[in-house]
Protein chains: 2
Amino acid sequence: MNEKHGFARAHTNIALLKYWGKINSDLILPANDSISLTLDKFYTDTEVTFSDEYTSNLFYLNHQLIDVKKMQRINRVLEAVKSEFGYQGFAKIESENHVPTAAGLASSASGMAALAGAAVSALGSHTDLTNLSRLARLGSGSASRSVFGGIVHWHRGYDHQSSFAEQIVSEDQIDLNMVTIVIDRRQKKVKSTLGMQHTASTSPFYPAWVEATNQAIPEMISAVQNNDFTKIGELAEHSAAMMHATTLSSKPAFTYFAPETIQAIKLVEQLRESGIECYYTIDAGPNVKVLCQSKNITRVKRFFASYFDQDQLVVAKPGSGIKFTKN
Amino acid sequence: MNEKHGFARAHTNIALLKYWGKINSDLILPANDSISLTLDKFYTDTEVTFSDEYTSNLFYLNHQLIDVKKMQRINRVLEAVKSEFGYQGFAKIESENHVPTAAGLASSASGMAALAGAAVSALGSHTDLTNLSRLARLGSGSASRSVFGGIVHWHRGYDHQSSFAEQIVSEDQIDLNMVTIVIDRRQKKVKSTLGMQHTASTSPFYPAWVEATNQAIPEMISAVQNNDFTKIGELAEHSAAMMHATTLSSKPAFTYFAPETIQAIKLVEQLRESGIECYYTIDAGPNVKVLCQSKNITRVKRFFASYFDQDQLVVAKPGSGIKFTKN
């Protein structure tokens, strides 16, 4: 019996300039560059064991066996890693998500990054993080960014080789934190893959979205490098609002907003006008994420605690990149 | 003493393909064509008396004297009418709004159309309705459409002469009704003039809005001529959603939506999925207007009465064009 083990821990991330729409759904090549903040606390631990004794892939998520035939994207990552190292056998994947549902955050970014990391680690060297971001991307676009810590830039590229992530600044170099207001814990009605596809193919505003986002990329990089919170927040808020504008302009129109999403947006504006600087960002769901500096986390949390339950408020700070050992 | 009297009654209207943004704010030339439904019940009655004995314009709204120096747009309409008829004196304007605040509808459309109509009627002939729509436009863009009944097309044009409204079908030829859900009776925070100006000058999606709306115009005309309620509703809903998408994409982003706006949008979708065909439209404010056929008015009203108060629901049917006699 010839077994090969690998482990990886990857953190989830939140996009500051959003990824919204693909130009190639097999390779997951996005229409526009994106920039994200990797988050501490929320991560996936994944162990991969390759063995020539296995007759199929096995995937355990939080100790439960999942039907891997449905897991097209997991298979795509495994196949890409195996082909890179010339390996032929099957894999057992044991994954543990530490991305609480309560956080209202997607676990696919950390999950696919950890899977790619553990698989690469099992079969060979994991030192080429740029290449790891390419492999993670095949599982989930945003996973490419979860390979790195701090603030990360995903270059859209035009083929597998040219579409990868890189770090702009590390988690120690940026003062950017996030208070999530969890509005709805349920699975969203329109999954992001479907939502971005419908938008890209029906919204008359979509080409302008792609252009505006790509134009904002160098501005955001410069804002991050200067630790310019105001500029980062303004660009992030505008990107989120524009992304949700594309769903409203698609045909038929749809929105990820819940009534409380509008409430939270107006509260963010109110808090900001009162002198506590903060900005919202919103992904493909109703939850509102409030960006703020460390000095204001407590005040932001206290303000929103007057309008939402304590367990609807989740704080996250900048997180580190992928790790190949536990703890 | 040489007095000249004129009277006009004009109804308000709701845009099905929205007017949103000007290319010339003196002449109120819009960036795109628009199409509207004139509404019954909600109207303004205006009496204009010109006299060479007056030393300034006097404006009474609902029997209250208003400071006319603040009324730049009223003066603009009066000046244009006076210059057209070579008249030099001043005017007393007595206006009565029958557009209840509760209806959540703007009164500027009916108000400026009635003003232009009464002034023209006082000084000369009012038979040229096309020209009357030009004069009304100088007071408020949407007023150009309130000159006609039924479904009305405002040609954007490129100068005063070429920017006018015309009727597509009369109020008897269309089965299109509106149930307004009044969410907020207060004056909106961002007035529409300011909102459209901010959007037009900062939204990267604005050029696509103009193009998409102008492209939808012939589709809507054809849908109206065929009394194709489904097509009218789909085009109207998409136009409204797109208009609100432009505000979300402006920088800084803003929205006219209140939390209950999202609630009402989702209820419209739910009601439609249940088999009662209806579509939403929303102007520069939080109130949601539900378009439906006559046969469904009662059912639509009953459905929304489970979620909103009875006095938050206002029904309107197709209304007639401007009249120059009372009753």
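Because the structure is predicted, anything quoted here is derived from the model rather than measured.

Quick word on the overall build of chain A
And step 1. Scanning chain A for helices and strands turns up 8 helices and 13 strands.
And step 2. Against the globule reference of 20 Å for 327 residues, chain A gives a C-alpha radius of gyration of 19 Å, in line with a compact fold.
And step 3. Considered along the principal axes of its C-alpha atoms, chain A spans approximately 65 × 40 × 35 Å.
And step 4. In chain A, which comprises 327 residues, the proportion classed as buried is 60%.
And step 5. The long-range fraction of contacts in chain A, counting pairs at least 24 apart against all pairs at least 6 apart in sequence, stands at 76%.
And step 6. Taken as a whole, chain A presents about 13,000 Å² of accessible surface, with 47% of it coming from carbon and sulfur.
And step 7. Of the side-chain charges in chain A, 32 are positive and 32 negative, and the distance between the mean point of each set is 4 Å.

Notes on the domain arrangement of chain A
Residue and element names in this part refer to chain A.
And step 1. As assigned here, chain A comprises domain 1 (3–173) and domain 2 (178–316).
And step 2. Across the contact, 30 residues belong to domain 1 and 40 residues belong to domain 2.
And step 3. For the pair domain 1 and domain 2, the summed buried surface comes to about 2,800 Å²; carbon and sulfur atoms form 70% of the total.
And step 4. Taken as a group, Leu17, Lys18 and Trp20 account for 31% of the area that domain 1 buries against domain 2, more than any other trio of residues on that side.
And step 5. Joining domain 1 to domain 2, the criterion identifies 1 salt bridge.
And step 6. The interface formed by domain 1 and domain 2 holds 11 residue pairs in polar contact (both at pLDDT 80 or more) in total.
And step 7. The set of elements that each furnish at least two residues to the side of domain 1 that touches domain 2 consists of strand E1 (3–17), strand E4 (34–51), strand E8 (151–154) and strand E9 (165–169).

Digging into the relation of the copies chain B and chain A
And step 1. Overlaying chain B on chain A yields an RMSD of 0.0 Å, the required transformation being a rotation through 180 degrees with an accompanying axial translation of 0.0 Å. Both copies are brought into coincidence by an operation consistent with a two-fold rotation axis.
And step 2. Both copies contact each other with a shared surface, as 96% of the interface residues of chain B are interface residues in chain A too.

Describing the interface of chain B and chain A
And step 1. On the chain A side, the residues contacting the 27 residues of chain B number 27 residues.
And step 2. On the chain B side of the interface with chain A, the three residues burying the most area are Phe205, His238 and Leu248 of chain B, jointly 26% of the side's total.
And step 3. Summed over the shared surface of chain B and chain A, the result is 0 salt bridges.
And step 4. Summed over the shared surface of chain B and chain A, the result is 8 residue pairs in polar contact (both at pLDDT 80 or more).
And step 5. Among the secondary structure elements, those contributing two or more residues to the side of chain B that touches chain A are helix H5 (206–225), helix H6 (229–248) and helix H7 (259–273) of chain B.
And step 6. Ranked by residue count, the leading element in the side of chain B that touches chain A is H6 of chain B, at 8 residues.
And step 7. Tallied by class, residues from the side of chain B that touches chain A come to 16 nonpolar, 7 polar and 4 charged.

Structural notes on the environment of Pro286 of chain A
All names here are of chain A.
And step 1. Tracing the chain through its elements places Pro286 in the loop between strand E11 (279–281) and strand E12 (288–292).
And step 2. In the structure, Pro286 is positioned 16 residues away from Gln270 in sequence and 19 Å away in space, judged by C-alpha atoms.
And step 3. Setting aside its immediate chain neighbours within four residues, Pro286 contacts Ile183, Asp184, Tyr256, Ala258 and Thr261.

A word on unusual backbone geometry
Glycine aside, residues mostly have negative phi, and peptide bonds are mostly found in the trans state.
And step 1. Cis rather than trans, the peptide bond between Lys251 of chain A and Pro252 of chain A has omega equal to 0 degrees.
And step 2. Within the secondary structure layout, Pro252 of chain A lies in the loop between helix H6 (229–249) and helix H7 (259–273).
And step 3. Notably, Asn62 of chain A is not glycine yet its phi reads approximately 50 degrees, a positive angle.
And step 4. Here the phi dihedral of His63 of chain B falls at roughly 70 degrees; this positive angle occurs in a residue that is not glycine.

Quick word on the state of the cysteines
And step 1. Counting across every chain of the model gives 0 disulfides over all chains.
And step 2. There is no disulfide at Cys278 of chain A, and the cysteine sulfur nearest it, in Cys292 of chain A, is 7.2 Å away.

A closer look at the packing of aromatic side chains
Residues and elements named next belong to chain B.
And step 1. Per the counting criterion, the structure on display carries 15 aromatic pairs over all chains.
And step 2. Ring plane angle 70 degrees and centroid distance 4.8 Å describe the contact between Tyr19 and Trp154, whose orientation is recorded as edge-to-face. Of this pair, Tyr19 sits in the loop between strand E1 (3–17) and strand E2 (22–24) while Trp154 sits in strand E8 (residues 151–154), placing them 135 residues apart in sequence.
And step 3. The class of Tyr19 is buried, set by a relative accessible area of 12%.
And step 4. Ring centres of Phe254 and Tyr256 lie 5.3 Å apart, and the angle between their planes is 75 degrees; this geometry places the pair in the edge-to-face category.
And step 5. Judged by its relative accessible area of 12%, Phe254 falls in the buried class.
And step 6. Judged by its relative accessible area of 6%, Tyr256 falls in the buried class.

A few points about the nonpolar core
And step 1. The biggest cluster of nonpolar side chains holds 92 residues, and the ones touching the most others in it are Ile181, Val290 and Phe304 of chain A together with Ile181, Val290 and Phe304 of chain B.
And step 2. With residues up to four places along the chain from it excluded, the contact list for Phe304 of chain A reads Ile181, Ala264, Leu267, Val268, Leu271, Val290 and Leu313 of chain A.

So, helix H4 (residues 192–202) of chain B
Residue and element names in this part refer to chain B.
And step 1. Those residues of H4 lying buried are Gly195, Met196 and Thr199. Each buried residue of H4 sits inside an arc of 90 degrees when the element is viewed along its axis, so together they form one side. Facing away from the buried side of H4 by more than 90 degrees, the exposed set consists of Leu194, Gln197 and Ser201.

Describing the pattern of salt bridges
Residue and element names in this part refer to chain A.
And step 1. One pass over the full model with this rule turns up 16 salt bridges over all chains.
And step 2. Between Asp283 and Lys18 there is a salt bridge, with the nearest N and O atoms lying 2.7 Å from each other. In this pair, Asp283 is assigned in the loop between E11 and E12 and Lys18 in the loop between E1 and strand E2 (22–24), connecting sequence segments 265 residues apart.
And step 3. Given a relative accessible area of 23%, Asp283 falls into the partly exposed group.
And step 4. Notably, a salt bridge pairs Asp33 with Arg156, separated by 2.8 Å at the nearest N-O pair. With a gap of 123 residues between them, Asp33 in the loop between strand E3 (29–30) and E4 and Arg156 in the loop between E8 and E9 connect regions that are remote in the sequence.
And step 5. Looking at Asp33, the relative accessible area reads 8%, which means it is buried.
And step 6. Overlapping salt bridges, with partners in common, bring together Lys18, Asp283 and Lys289 in one network.

Re the sheet that holds strand E12 (residues 288–292) of chain B
Residue and element names in this part refer to chain B.
And step 1. In spatial order, the strands read E11-E12-E10-E13; together these 4 strands make up an open sheet with antiparallel pairing. Two strands bound the open sheet, and with one partner strand each, they are strand E11 (279–282) and strand E13 (313–316). Averaged over all pairs of adjacent strands, the angle between strand axes in this sheet comes to 25 degrees, irrespective of strand direction.
And step 2. Two strands pair when backbone bridges link them, and E11 and E12 are joined in this way by 4 bridges, in the antiparallel orientation. Looking across to E12, one finds that Thr281 is bridged to Lys289.

Looking at the packing of H7 of chain A against H7 of chain B
And step 1. Running from N to C, H7 of chain A and H7 of chain B point in directions that differ by 160 degrees, and their axes come no closer than 7 Å. Judged on the interaxial angle alone, H7 of chain B and H7 of chain A are roughly antiparallel. H7 of chain B is crossed by H7 of chain A, and the crossing has right-handed handedness. Residues Pro259, Ile262 and Gln263 of chain A of H7 of chain A form the contact with H7 of chain B, whose participating residues are Pro259, Ile262 and Gln263 of chain B.
And step 2. A class-by-class count of the residues in the contact of H7 of chain A with H7 of chain B yields 4 nonpolar, 2 polar and no charged.

Criteria and cut-off values
- Residues numbered from 1 in each chain as written.
- Chains lettered and ligands numbered in written order.
- Predicted model: local features only at pLDDT ≥ 70, side-chain atom pairs only at ≥ 80, totals over all residues.
- Heavy atoms only, no water.
- Helix = DSSP H or I, 4+ residues; strand = E, 2+ residues; numbered from the N terminus.
- Rg over C-alpha atoms; globule rule 2.2 N^0.38 Å.
- Buried < 20%, exposed > 50% of the residue type's maximum accessible area, 1.4 Å probe, protein only.
- Contact = heavy atoms within 4.5 Å.
- Areas by Shrake-Rupley, 256 points an atom, 1.4 Å probe, with all protein chains shown as cover.
- Lys, Arg positive; Asp, Glu negative; His and termini not counted.
- Charge placed at Lys NZ, Arg CZ, Asp CG, Glu CD.
- Domains from an automatic or database assignment.
- Buried area = accessible area lost by both parts, 1.4 Å probe.
- Salt bridge = Lys/Arg side-chain N within 4 Å of Asp/Glu carboxyl O.
- Polar contact = N/O pair within 3.5 Å; in protein donor to acceptor, adjacent residues only side chain to side chain.
- Least-squares fit on C-alpha atoms with pLDDT ≥ 70 in both.
- Nonpolar A, V, L, I, M, F, W, Y, C, P; charged D, E, K, R; others polar.
- Disulfide = S-S within 2.5 Å.
- Phe/Tyr/Trp six-rings, centres within 6.5 Å; stacked < 30°, edge-to-face > 60°.
- Core = buried A, V, L, I, M, F, W, Y, C linked by side-chain atoms within 4.5 Å.
- Arc of directions from axis to C-beta.
- Pairing = 2+ DSSP bridges.
- Axes fitted to C-alpha atoms, helices over the stretch in contact; angles between N-to-C directions.
- Parallel < 35°, antiparallel > 145°, perpendicular 65-115°, else oblique.
- Left-handed = near helix turned anticlockwise from the far one by under 90°.

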